[in-house]
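Remarks on the overall topology
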Amino acid sequence: MWGGRFGAGPADVMREINASIPVDKRLWRQDIAGSKAHAQMLGAQGILDAADVEAILGGLEAIEREYEEQGVPEHIELEDIHMQVESRLRELIGDAAGRLHTARSRNDQVATDFRLWVRGACAEVDKALAGLQAALVERAGEHAESIMPGFTHLQVAQPVTLGHHLMAYYEMAKRDRSRFADCARRMNQSPLGSAALAGTSFPIDRHATARALDFDAPTANSMDGVSDRDFAVEYLACAAQTAIHLSRLAEEMILWASQPFGFVKLPDAWSTGSSIMPQKRNPDAAELVRGHAGRIIGAFTSLMVTMKGLPLTYSKDMQDDKAPLFEAHDLLDLCLAAMTGMVGSVTFDAARMRAVAASGFSTATDLADWLVREHGIPFREAHHITGSAVKLCEARGGELELLTAEDLATIDSRLAGTSLPDFSVEGSVRSRTSAGGTSPVRVKEAVEAARKELGS
Ligand code: ARG
């Protein structure tokens, strides 16, 4: 493509290090769409004549069909997908192919192709996240009243409803979706027509190509247009954030499936056995989701480090933008599908969860709140009195049920003649009706609202 200035071809290693076709062949649809839009615009502007445009469009369509049926060949000497397509076009239509690259550079071409690809990736992730949300809402609806221990510091803290716990992840997925939507909206400007870096002297119509490719507008500055990869960094930031959420959910599945917890049973379809221990049922998929989060965060880091020292405008370092992004997208796709499958099919042991929820003096806060409400005792003092009550029951080797009204009177004389509050975990969760609280009524409302949001 640039032989005019060179006496000899590249060294083998040069060819190898330079080639991006094994990675960027995934951009073939976007590359052809961009070329079609560009050729049509060149025709409309009178830069190419109608016959050339027709030949180019016909050729591009033939290549599209070819790649669709046979895949994209990897001619390493053709470097990247852009040269691959152009070279095939020349084979198919001859010299007219050489006119396609008028008023264009691979720099604006790759920036355009990649934006289109990442925009599509955002839409795919959005759909997968909606699927995860639907699974969460479904299970939360089933378990709006099931009681489990809520933890802080991984110590039993207060009883909560399982539905409430699951809906926490619904909220995370909702924020993830809004981040991807925001990222897709911001990136939706067309770099096409920025040419190599400075724009072009041809009378192109960048608005027309932007429209044809469903962009909101052309990018405003040609130098920024070819050197910006914020959209890819942002995509990876969103992906990393989503992966962190999935990893936390996976971690809970792993913990909950572990015998000391015994909160869930993963179905056979989501478990693996051991080659030596016949009894084993391992949560490998959840562990891999947790592991893959590391790789996705690594991909995000990789692109930020690639970009941070680059002077304007294009440098070949930027060719390394695609591998981490594609890897992260593929992994995220898999992780979302795995967690959606797991959430949908896991069996919760509600009795076991309830039993653990009633341990560890989990309703102590309810006693303190009751002292405040029924006896007008300031919360700090109520906290102290409750602490003494817990200590007493602990010494007796049991839970708060062992507490008597006489015990309370002994701990604090103001409580003489009092009755006892409801210490049950059911009473505890039922009472937490504050907005966003764990009470079954609030959870059912949240589930209803979520169903509406999802349109289901
Ligand atoms: N394969 C290149 C990439 O992905 C395309 C742009 C090449 N531009 C250039 N001036 N060498 O970044």
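Keep in mind it's a predicted model, so treat the numbers as computed, not measured.

Here is what the cut-offs are and how they apply
Residues numbered from 1 in each chain as written. Predicted model: local features only at pLDDT ≥ 70, side-chain atom pairs only at ≥ 80, totals over all residues. Heavy atoms only, no water. Helix = DSSP H or I, 4+ residues; strand = E, 2+ residues; numbered from the N terminus. Polar contact = N/O pair within 3.5 Å; in protein donor to acceptor, adjacent residues only side chain to side chain. Contact = heavy atoms within 4.5 Å. Near = heavy atom within 4 Å. Nonpolar A, V, L, I, M, F, W, Y, C, P; charged D, E, K, R; others polar. UniProt positions renumbered as here; feature names shortened; annotations may be inferred. 1 Å grid on protein atoms, 1.4 Å probe; cavity = no way out; pocket = protein on both sides within 12 Å on 5 of 7 lines; lining within 4 Å. Points joined across faces, edges and corners; volume = space filled by probe spheres on them. Axes fitted to C-alpha atoms, helices over the stretch in contact; angles between N-to-C directions. Parallel < 35°, antiparallel > 145°, perpendicular 65-115°, else oblique. Left-handed = near helix turned anticlockwise from the far one by under 90°. Buried < 20%, exposed > 50% of the residue type's maximum accessible area, 1.4 Å probe, protein only. Pairing = 2+ DSSP bridges. Salt bridge = Lys/Arg side-chain N within 4 Å of Asp/Glu carboxyl O. Expected span 1.5 Å × (residues − 1). Phe/Tyr/Trp six-rings, centres within 6.5 Å; stacked < 30°, edge-to-face > 60°.

Regarding the side chain of Asp-176
Tracing the chain through its elements places Asp-176 in helix α7 (residues 162-186). Here Arg-179 takes part through its side chain, which lies 3.1 Å from a polar atom of the side chain of Asp-176. Excluding its chain neighbours within four sequence positions, the residues that come into contact with Asp-176 are Leu-129, Gln-241, Thr-242 and His-245.

Re the site of the ligand
Near the ligand you find Ser-20, Asp-24, Asp-80, His-82, Arg-106, Asn-107, Val-110, Tyr-314, Lys-316, Gln-319 and Lys-322, and these make up its full shell. Here a nitrogen atom of the ligand sits 2.9 Å away from a polar atom, N or O, in the side chain of Asp-80. Between the ligand and Lys-322 there is a distance of 2.5 Å, counted from an oxygen atom to a side-chain nitrogen or oxygen. With three residues, the single largest contributor to the shell around the ligand is helix α6 (residues 106-142). Along the lines of polarity and charge, the residues of the shell around the ligand split into two nonpolar, four polar and five charged.

Comments concerning the UniProt feature "domain: Argininosuccinate lyase C-terminal" (unreviewed entry) in the chain
Residues given the UniProt feature "domain: Argininosuccinate lyase C-terminal" (unreviewed entry) here are residues 361-429. Across residues 361-429, helical content stands at 61% and strand content at 0%; the span's end C-alpha atoms are separated by 14 Å.

Quick word on empty space enclosed by the protein
A full pass over the atoms with the stated rule returns one cavity of 30 Å³ or more. Along the walls of the largest cavity sit Leu-129, Leu-132, Leu-136, Tyr-169, Met-172, Ala-173, Asp-176, Thr-242, His-245, Leu-246 and Leu-249, which together make up its complete lining. Among the elements of the structure, α6, α7 and α10 (230-257) are those that each provide at least two residues to the lining of the largest cavity.

Quick look at the packing of α6 against helix α18 (residues 440-454)
The description of two packed helices rests on the angle between their axes and on the distance between the axes. Between α6 and α18, the shortest axis-to-axis distance is 10 Å and the interhelical angle comes to 150°. It follows from the interaxial angle that α6 and α18 lie roughly antiparallel. The two elements α6 and α18 meet at a crossing, and its hand is left-handed. Between α6, through Ala-130, Gln-133, Ala-134, Val-137, Glu-138, Ala-140 and Gly-141, and α18, the contact on the second element is made entirely by Val-443, Val-447, Ala-450, Arg-451 and Leu-454. In terms of residue class, the contact of α6 with α18 is built from eight nonpolar, two polar and two charged.

Looking at the layout of surface pockets
Size it by volume and the largest pocket reaches roughly 630 Å³. What lines the largest pocket is a set of 29 residues, and nearest its centre among them are Gly-150, Phe-151, Val-160, His-165 and Ala-168. Sorting the residues of the lining of the largest pocket by element identifies β1 (147-152), β2 (155-161), α7, α10 and α18 as the ones contributing at least two each. The element best represented in the lining of the largest pocket is α7, accounting for seven residues. Looking at side-chain class alone, the lining of the largest pocket contains 15 nonpolar, eight polar and six charged residues.

Details of the environment of Gly-273
Relative to the assigned elements, Gly-273 resides in the loop between β5 (264-265) and α11 (284-307). On the accessibility criterion, Gly-273 (55% relative accessible area) is exposed. Between the C-alpha atoms of Gly-273 and Leu-129, which are 144 residues apart in sequence, the distance is 29 Å. Ignoring sequence-local partners within four residues, the contact set of Gly-273 consists of Lys-280 and Asn-282.

Remarks on the pairing of β2
Strand direction decides the pairing type here: β1 and β2, joined by six bridges, are antiparallel. When the sheet's bridge partners are listed, Met-148 is paired in β2 with Val-160.

Some remarks on the pattern of salt bridges
Using the criterion set out here, one finds 32 salt bridges in the structure. Its salt-bridge partner being Glu-327, residue Arg-295 comes within 2.7 Å of it at the nearest N-O pair. Of this pair, Arg-295 sits in helix α11 while Glu-327 sits in helix α12 (residues 322-345), placing them 32 residues apart in sequence. The residue Arg-442 makes a salt bridge to Glu-445 at a minimum N-O spacing of 3.0 Å. Taken together, the residues span about one helical turn, with Arg-442 and Glu-445 both in helix α18 at a distance of three residues. Overlapping salt bridges, with partners in common, bring together Glu-79, Asp-80, Arg-106 and Lys-316 in one network.

Comments concerning α6
Given a rise of 1.5 Å per residue, 37 residues ought to cover 54 Å, and the 54 Å separating the end C-alpha atoms of α6 matches this to within 8%. For α6, the capping residue at the N-terminal end is Ser-105, with a side-chain oxygen 2.8 Å from the backbone nitrogen of Asn-107.

Overview of the packing of aromatic side chains
Between two aromatic rings, the relevant description is the distance of the centres plus the angle of the planes. Using the criterion set out here, one finds eight aromatic pairs in the structure. A centroid spacing of 5.7 Å and a plane angle of 85° characterise the contact between Trp-28 and Tyr-67, whose relative ring orientation is edge-to-face. On the criterion of sequence distance, the pair formed by Trp-28 in helix α3 (residues 28-44) and Tyr-67 in helix α4 (residues 50-70) is long-range, its members being 39 residues apart. Taking the relative accessible area as the measure of exposure, Trp-28 reaches 10% and is therefore buried. Given the relative accessible area of 4%, Tyr-67 is considered buried. Taking 5.9 Å as the distance between ring centres and 55° as the angle between the ring planes, the aromatic pair formed by Phe-151 and Phe-261 counts as tilted. With a gap of 110 residues between them, Phe-151 in strand β1 and Phe-261 in the loop between α10 and β5 connect regions that are remote in the sequence.

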